[in-house]
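Spelled out from the first residue to the last, the chains are:
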Amino acid sequence: MGLTLAEKIIQNHLVSGELKPGSEIALRIDQTLTQDATGTMAYLEFETMGVPRVRTECSVAYIDHNTLQSGFENADDHKFIQSMAKKYGLYFSRPGNGICHQVHLERFGKPGKTLIGSDSHTPTGGGIGMLALGAGGLDVAVAMGGGAYFITMPKMYKVNLTGKLRDFVTAKDVSLEILRILSVKGGVGAIIEWGGEGVKTLSVPERATIANMGTELGATSSIFPSDEVTRQFLKAQGREEDFVALASDEDAEYDRVIDIDLSALKPLIACPHSPDNVVTVESLKGKKVDQVCIGSCTNSSLWDMLKVAALLKGKVIHPEVSLSISPGSKQVLSMLADCGALSDIIASGARVLECACGPCIGMGFSPNSGGVSLRTFNRNFEGRSGVADGQIYLVSPETAVAAALTGEITDPGTMGSFPKVEMPKQFKIDDRAILPPAAEDEAKELSIFRGPNIKPFPEGHVLEDEIKAPLILKVGDNITTDHIMPAGAKILPYRSNIPFLSQFCFGVCDKTFAERAQAAGQSIVIGGSNYGQGSSREHAALVPLYLGVRAVVAKSFARIHAANLINAGILPLTFENPKDYELFSQGDGLILQDIFAGMDAGKVTMVDENTGKRAVLLCDFTERQKKILKLGGLLKYVGQGNK
Ligand code: MIC
Ligand code: SF4
């Protein structure tokens, strides 16, 4: 039997384990990336490991999330990261140089390589044929130190594309279509490989849009073959030597095959508050729109921006709409300027923001109260825009422009014929905003800049055989890390200050949580299915750890969050019978009994000490995970010389 493309890359990087779905595998990691919101913590963790220099082929530290600098906090953290990068052998992508995933695709990504990043949208690199995975900061720190990255061997799904996208229908609509089919949990435990004749019609940036949003399916990663289209992209980036042709074997077997006819797709839109809440744009025609935001790591490539500029050219946006445009990188922005497209954007009345995540993570540009905002982003979780009642819809750049011009949701296909847009043969290459590390000799002498916003991070607890703690919070299905540890302009600058962040933990669900948890000393949280979906932020584990959460019991977990809980020394336990979720109520006094024997048997019992109600919980941990949990977290495990 042949291998899928992902299986081939896994096989080439396998440190331990077997290519058997469900078993634990360890991968050698060629490249890492961090962004500043997760990076500060990752580098603090890396520092404690005492490794003199990163041991990957290439590691890059990006600054793209926290660029408001409304106080000293961000500026200090940026200087800290810059000094770490210089000393420890990383490239440093300066603030303003662009969004990590866009820049990595342009300047560093290589087909066939493994990449992990402390950001859940790292699979964007799958657009160029990499096996790219999102991970917690601590896992990235370990990989920078030369350690392997451990995951559960995923199942293999294939999406077979036929046909060709029609004008005004885009890669974003493909992403929304697969979300409509599979839902936000449909990709959990799987790598999604995109293939079929239709793939050849998609450019690398379009493939990257699709790979990027595979994260919203809960998928471990998404990947495209590396073919002639990939070669042309790398050539245009002056990196043809990085090209290798890669494809799955003809007789590769998949656990599931999904067919999508590109020619039959229509413009789609995801409604509040979930990326899988997808309907056709046509069905919402006429709904008044207050705000439109174009950008994010999903839709900020030169191709997207050139289309936007061409559609805006000679027109002025609707007086009731505020439009923001954030190009994905300095390369994109300067090429827009050189060809005059930027002038068309400015003339339309758009507000041009810097090349960063910006509104996508609530760093400014929140909508008005109850406002309808159409965004070309990948997530529309509740409260993420910075406004609790903001009505956020996810759309393609074409649909975004149509709404910005008309003031209402409009099928872009009704706007006349599609303007001619041509991609230049060569990208403009200017890497002066990417600072290389110091040479080894010089590096030894360098010191690290540290601002007062950097506070010690919490230590995990050595596991005891019994945990007795109140059920401090019970939440429903699809709780995101934006619920557990919100971001946004007011909070994001404190990512290196866990005590400060802790006040906001679970604030979207229950404003009293932090105070109650701290008063309880230690506690247990119960969640529904797909608990912890969304971002890779390990803060959604470190902050609960700081507040005394010892175990999270859920119907199921999102992959990266479950790993982050284990890394922090918090038990992620799953109901054997999901109906047992109903048995417990907030305030119950819970006991987790005989944990050590239970871990070996794969099951522990949770009892309500007052009523005697009990539930069997699955704890199917690997030997490595058991050791990490018993010691109180990955840092302690690594500190004992384990990799
Ligand atoms: C996101 O899109 O939610 C983020 C902000 O990029 C996060 C990382 C973070 O919380 O810092 C992610 O996707 O992992
Ligand atoms: Fe940045 Fe948004 Fe992409 Fe996250 S999803 S990396 S916040 S642009």
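Note that this is a predicted model, so its numbers are computed, not measured.

Calculation criteria
Residues numbered from 1 in each chain as written. Chains lettered and ligands numbered in written order. Predicted model: local features only at pLDDT ≥ 70, side-chain atom pairs only at ≥ 80, totals over all residues. Heavy atoms only, no water. Near = heavy atom within 4 Å. Nonpolar A, V, L, I, M, F, W, Y, C, P; charged D, E, K, R; others polar. Buried < 20%, exposed > 50% of the residue type's maximum accessible area, 1.4 Å probe, protein only. Helix = DSSP H or I, 4+ residues; strand = E, 2+ residues; numbered from the N terminus. Pairing = 2+ DSSP bridges. Core = buried A, V, L, I, M, F, W, Y, C linked by side-chain atoms within 4.5 Å. Contact = heavy atoms within 4.5 Å. Polar contact = N/O pair within 3.5 Å; in protein donor to acceptor, adjacent residues only side chain to side chain. Areas by Shrake-Rupley, 256 points an atom, 1.4 Å probe, with all protein chains shown as cover. Axes fitted to C-alpha atoms, helices over the stretch in contact; angles between N-to-C directions. Phe/Tyr/Trp six-rings, centres within 6.5 Å; stacked < 30°, edge-to-face > 60°. Lys NZ or Arg CZ within 6 Å of the ring centre and 35° of its normal. Parallel < 35°, antiparallel > 145°, perpendicular 65-115°, else oblique. Left-handed = near helix turned anticlockwise from the far one by under 90°.

A. Geometry of the site of ligand 2. Around ligand 2, the neighbouring residues are H65, H101, D119, H121, S296, C297, C357, C360, I361, N378 and R384. Looking at the shell around ligand 2 residue by residue, the class counts come to four nonpolar, five polar and two charged.

B. Looking closely at helix 5 (residues 137-144). In terms of residue burial, helix 5 counts as a mostly covered element, since eight of its eight residues are buried. Three or more residues of helix 5 are buried, namely G137, L138, D139, V140, A141, V142, A143 and M144.

C. How the structure looks around the pairing of strand 27 (residues 614-618). With burial as the criterion, only one face of strand 27 is covered, namely that bearing A615 and L617; the residues R614, V616 and L618 on the opposite face remain uncovered. Pairing of strand 24 (residues 571-575) with strand 27 involves two bridges; the strand directions are antiparallel. Residue pairing across strands places T574 opposite L618, the latter belonging to strand 27. The loop that links strand 26 (residues 603-608) with its antiparallel partner strand 27 comprises five residues; one of these, G612, has a positive phi angle of about 80°.

D. Broad picture of the nonpolar core. F513, Y531, L571, L573 and L592 are the most contacted members of the largest nonpolar core, which totals 103 residues. Considering each element in turn, this core owes the most residues, six residues, to helix 5. Excluding residues that lie within four positions of it along the chain, Y531 makes contacts with V475, I479, I484, F506, V525, V552, A554, S556, F557, A558 and H561. F168, V308, L323 and A404 belong to the second-largest nonpolar core, a separate cluster that totals 58 residues.

E. Region of interest: the site of ligand 1. The full set close to ligand 1 counts 14 residues, and D119, S120, R384, S536 and R537 are the nearest of them. D119 has a polar side-chain atom sitting 2.7 Å from an oxygen atom of ligand 1. Between ligand 1 and R384, the relevant distance is 2.8 Å, taken from an oxygen atom to a side-chain nitrogen or oxygen of the residue. Within the complex, 97% of the 330 Å² of free accessible area of ligand 1 lies under protein.

F. How the structure looks around the sheet that holds strand 1 (residues 14-16). Taken in spatial order, the three strands make up an open sheet running 1-2-8, and their pairing is antiparallel. Of all strands in the sheet, those bounded by a partner on one side alone are strand 1 and strand 8 (149-152). Between one strand axis and the next, the sheet turns by 40° as a mean value, whatever way the strands run. Pairing of strand 1 with strand 2 (residues 24-27), which is carried by two bridges, proceeds in the antiparallel orientation. Note on strand 2: the bridge partner recorded for L14 is L27.

G. Structural detail: the sheet that holds strand 4 (residues 58-62). Strands sit in the order 7-6-3-4-5-20 across an open sheet of six strands; the sheet is mixed. Of all strands in the sheet, those bounded by a partner on one side alone are strand 7 (131-134) and strand 20 (434-435). Packing of helix 4 (residues 100-107) onto the sheet brings it into contact with strand 3 (31-34), strand 4, strand 5 (91-93), strand 6 (114-117) and strand 20, and relative to strand 3 it is tilted by some 150°.

H. Layout of the packing of aromatic side chains. Counted by the stated rule, this structure contains ten aromatic pairs. Relative to F504, the ring of F500 lies with its centre 5.7 Å away and its plane at 50°, an arrangement referred to as tilted. Judged by relative accessible area, which is 27%, F500 ranks as partly exposed. Here K474 stacks its cationic end above the ring of Y581, 4.2 Å away from the centre of that ring. Between K555 and the ring centre of Y581, over which it is positioned, the NZ or CZ distance is 4.5 Å.

I. Local environment of the packing of helix 2 (residues 36-48) against helix 5. Where helix 2 contacts helix 5, the axes come no closer than 8 Å and their chain directions differ by 45°. Between helix 2 and helix 5, the crossing angle belongs to the class labelled oblique. Once helix 2 is placed against helix 5, the crossing between them reads as right-handed. Of the residues in helix 5, those in contact with A42, Y43, E45 and F46 of helix 2 are G137, L138, A141 and M144. Residues of the contact of helix 2 with helix 5, tallied by class, amount to six nonpolar, one polar and one charged.

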